[in-house]
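# Structural overview for review
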Amino acid sequence: MKEEISKTYNPQDVESRWYGWWESRGYFKADNPSHRPGFVIMMPPPNVTGSLHMGHMLNATVQDAVIRRKRMQGFNALWLPGMDHAGIATQNVVEKEIAKQGLTRHDLGREKFVQRVWEWKEQYGGIILKQIRRIGASCDWSRERFTFDEGLSRAVREVFVQLYEDGLIYRGKRLINWCPRCRTALSDLEVKHEPKESRLYYIKYRLKGRPGEYVTVATTRPETMLGDSALAVHPEDGRYAKYAGSAAVLPLIGRELPFIQDPVVDPKFGTGVVKVTPAHDPADFEMGVRHNLAQISVIGEDARITAEGGPYKGQDRMAARKNVLADLEAQGLVEKTETLLHSVGECQRCATVVEPLMSEQWFVRMKPLAEPAIAAVESGRTKFVPPNWSKTYYEWMHNIRDWCISRQLWWGHRIPAWYCDECGTMIVSRKDVVNCAKCNSTRIRQDEDVLDTWFSSQLWPFSTLGWPDQTEDLRKFYPGSLLVTAYDIIFFWVARMMMSGLKFMGDVPFREVYITGLIRDAEKQKMSKSKGNVIDPLEICDQYGTDAVRFALARMGAPGTDIALSEDLLESYRAFATKIWNAARLIFRHVDESDRLPFFGELRQPDLALADRWILSRLARAIDVANTSMEKYNLHEATRHIYGFFWGELCDWYLEMVKLHPERSKPVLIYVFETALRLLHPFMPFITEELWQSVPHRGESIVVAPYPEFEPELIDAKAEAQVEIVQDIIGKVRNIRAEMKVEPRQSVVVRVAATDPATKQLLLDARDYIFKLATVGELQVVPSLPEDKLAARAVAGGLTIEVPLAGLIDIEAERSRLNKELERVQAEISGLERQLSNASFVERAPRNVVDEKRQRLLDYQNQAVKLRDSLDRLR
Ligand SMILES: [Zn+2]
Ligand SMILES: [Zn+2]
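Attention in this report is confined to the structure presented alongside it. (Residues numbered from 1 in each chain as written. Chains lettered and ligands numbered in written order. Predicted model: local features only at pLDDT ≥ 70, side-chain atom pairs only at ≥ 80, totals over all residues. Heavy atoms only, no water.)

### Observations regarding the coordination of the zinc ion (ligand 1)
Coordination of the zinc ion (ligand 1) by the protein involves Cys179 (SG), Cys182 (SG), Cys347 (SG) and Cys350 (SG), with metal-donor separations of 2.2 to 2.4 Å. Classification of the site at the zinc ion (ligand 1) rests on its 4 donor atoms, whose angles at the metal span 105 to 114 degrees, yielding the label tetrahedral. The sequence pattern formed by the donor residues of the zinc ion (ligand 1) is C-x2-C-x164-C-x2-C. Here Cys179 is found in strand 5 (residues 169-179), whereas its partner Cys350 is found in the loop between strand 13 (334-347) and strand 14 (355-364), with 171 residues between them in sequence. The class for Cys350 is partly exposed, based on a relative accessible area of 23%. (Donors = N, O, S within 2.8 Å, 3.2 Å for Na, K, Ca; no water. Tetrahedral: all angles 85-135°; square planar, octahedral: opposite > 155°, others 65-115°. Helix = DSSP H or I, 4+ residues; strand = E, 2+ residues; numbered from the N terminus. Buried < 20%, exposed > 50% of the residue type's maximum accessible area, 1.4 Å probe, protein only.)

As structure tokens, this is what we get:
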């Protein structure tokens, strides 16, 4: 044994030791050039403002387990890390910061403000990348990128100009989502729709040329009526056919409104007549285009009523609603109001109610880009794991709308368009423009707006590799192999990367997309700050050890499945790490300086012990299942088998069995333990490195040691079947000993009924294991069991066995003990039965209390059966 490992397992101690060393040895660095096949994962860049939450931890655990295994398998593995400049999110953080000094961004001006954001970024940004190191993520930090760094900004500009030249980017006045607080346009995806209780107002509109006649219109937003340009009904709604060709008069304003017919009107909503306000409602906007209606903007970017709103000009939209209603009321034009639940759009960042507004913005035409991206998933060039997520992807892609990409922010990639104030020409250019291309004037200004953050994130799979330059990295590492992400950004990010990858690289950006689930608390509740049930990943890593947390996440995280994270769960995987540690200490007792790791060929000696043949076979099977599961990204299956092998087979059985012949089994013991550490490494990187360094091994670090491969020659079905019988006999004898309260040190006699020679031979060969592991002094193999009333019987491995009890226990004392115990258990049973037969208790008590009592009753009933069995034996 080269180095003594500490007596108790201390995860913090172990975990602080390795990361820096791994990084300094360059193990995480992908080679270029390299003859080895590549395996590439692009880390979803976290926001620069972010800090690690459980979602990141799950995401990083999956990516790290996959990439570590691939690296060990000899792939040229690249896991590229980086961060997103996160336009709105970051600007909001810095705005809040300067607000503490009573400043707004306008007080500083654009240049100073942006400089301030950069300073913030240098000082506080990117905490998350340190945290990602802390959890063992084996990223290639030499290739770290930021969406706002120089190279990536060049890629953004190149993409913008190319799309513009291809006619896929245009500038136009459209109805967009506007956040009056952030003072910026938002894409549809950045608007959260929340069901809210609102009021539905029924308002009477007078009909032109028909004195005393009215139609009633239902609306949740009376203030927008100031911008009405028509009334609409469904073409087949007979009730209103008589008004075709006539007009109504807009209350308060007096504008004449034509009656139009349009199939989108729902005859069942309100009265079946709706007001059409093209400048403030998306459906009305489309209707307005179809019927050539005026777009009258009555609410401005500040959410106040514009000059078009007549007497309400300057009022805030909420105040205007009140005033409009009061005036309508005064004129007797409010017929009634109702409450209803309807969805209200809110800004994803600040929860302000979003205002649909007419605004001059930049858009990407998405349909032509979406088509090849749909085809790529249909043809299987990119696969979703689990596959059902492709449905979500198709649904959105088939209904895709143009993407509003301009944002009225200062932090972000500025739109590369310039306007000449002399002649009005607009120039879109890769290089900064100083002279007008048409009139040569220098009175030129750049578009004030910046691009939606996702415009740069969508280029991540190739902009990070040096595109638009044709770099070596780009040739080697595009397309990537795997993307690991949560389902909430399939549209924001995954779909857009597909589109831009196909457009600019001519190939999909990744072959597979693994969708992770959400992490919930122990009660399966979503974690949220308001509920106070948020789990901090670093806190639980400190408490339970990073290896244990990682293993728990991998074990529970089937693709696309939510994880309920409980303390019990984390506790049990910390216990697993401790179990491995203690196993290592036991093994190291038999290993010394001169021992070396045997080669595979050296293992197949004819004189291997039964336990050795068995454990090698079980190891081979665990390796087989782990590998096939990992290929399908079923990390939960891989970890389940690795755990079962380590704990249930290696620790609980093999280590006990080899105590009988430690010297003889030493090569196998070293081989199995060293291999099992490598098998476990992708999930528990720290403890495996620590122990691997102390066990005989070949190579410098477990990080770059080969991943175990299935060795069919090690499968020994006969040894497995035999050990199964032996285990069953040992287990049954242990049960009998425990039930009959046989003193632990008191050895017992076991009789087995067996006639067939193979079984007899096995029992002879395996005798010592049974002696040692069940404290048995004598094993009698007999053709049939004698009539011994004072013996406990059981069936084990298809054989009937018995343990004679005469002389082993004080029969009288045991009988009275059992009787007392049975009385106590019976009292419990009748108590519980009484409670559970009380209907009003069962009805009123909380569900879990009743369930728990039922379970306890069942347990006591089982105990009673066993106690009676034991008493029967003593009769
Ligand atoms: Zn907002
Ligand atoms: Zn000009």
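Moving on, there is more to tell.
### Things to note about the sheet that holds strand 28 (residues 791-796)
In space, the 4 strands of this open sheet follow the order 27-26-29-28, with mixed pairing throughout. Pairing within the sheet leaves two strands with one partner each, and these edge strands are strand 27 (776-782) and strand 28. Across the sheet, the axes of successive neighbouring strands diverge by a mean angle of 25 degrees, strand direction being ignored. Relative to strand 29 (residues 799-804), strand 26 (residues 748-753) runs antiparallel, the two being bridged by 2 bridges. Bridging from a neighbouring strand, Arg751 pairs with Glu802 of strand 29. (Pairing = 2+ DSSP bridges. Axes fitted to C-alpha atoms, helices over the stretch in contact; angles between N-to-C directions.)

### Let's talk about helix 21 (residues 662-680)
Of all the bends in helix 21, the greatest, near 35 degrees, is centred on Val668. Judged by how many residues are buried, helix 21 sits mostly within the fold: 15 of 19 residues are covered. (Bend = angle between axes of the 7 residues up to and from the residue.)

### Quick notes on the pairing of strand 11 (residues 256-261)
Pairing of strand 9 (residues 230-233) with strand 11 involves 3 bridges; the strand directions are parallel. Considered in strand 11, the bridge of Val233 is made with Gln261. In this sheet, strand 11 lies alongside strand 10 (residues 247-249) in antiparallel orientation, the contact comprising 3 bridges. Looking at strand 11, one finds that Ala248 is bridged to Leu257.

### A few points about the sheet that holds strand 14
Spatially, 4 strands are ordered 6-5-14-16 in an open sheet, and the strand pairing comes out antiparallel. One side of each edge strand has no neighbouring strand; the edge strands of this open sheet are strand 6 (184-186) and strand 16 (403-404). Judged from the 10 bridges that link them, strand 5 and strand 14 form a sheet pairing that is antiparallel. From the neighbouring strand, Asn177 faces strand 14, where its bridge partner is Pro356.

### Examining the coordination of the zinc ion (ligand 2)
Summarising the metal site, the zinc ion (ligand 2) is bound by the protein donors Cys420 (SG), Cys423 (SG), Cys436 (SG) and Cys439 (SG), whose distances to it range over 2.2 to 2.3 Å. Accessibility expressed as a relative area gives 33% for Cys439, which makes it partly exposed.

### Things to note about the nonpolar core
Counting residues in hydrophobic clusters, the biggest one holds 170 residues, and the most contacted among them are Phe646, Tyr654, Phe673 and Leu691. Not counting the four nearest positions on each side in its chain, Phe646 is found in contact with Phe576, Ile580, Cys651, Phe673, Ala676, Leu677 and Leu680. Counting 63 residues, the second-largest nonpolar core is a separate cluster that includes Met366, Leu483, Val513 and Ile515. (Core = buried A, V, L, I, M, F, W, Y, C linked by side-chain atoms within 4.5 Å. Contact = heavy atoms within 4.5 Å.)

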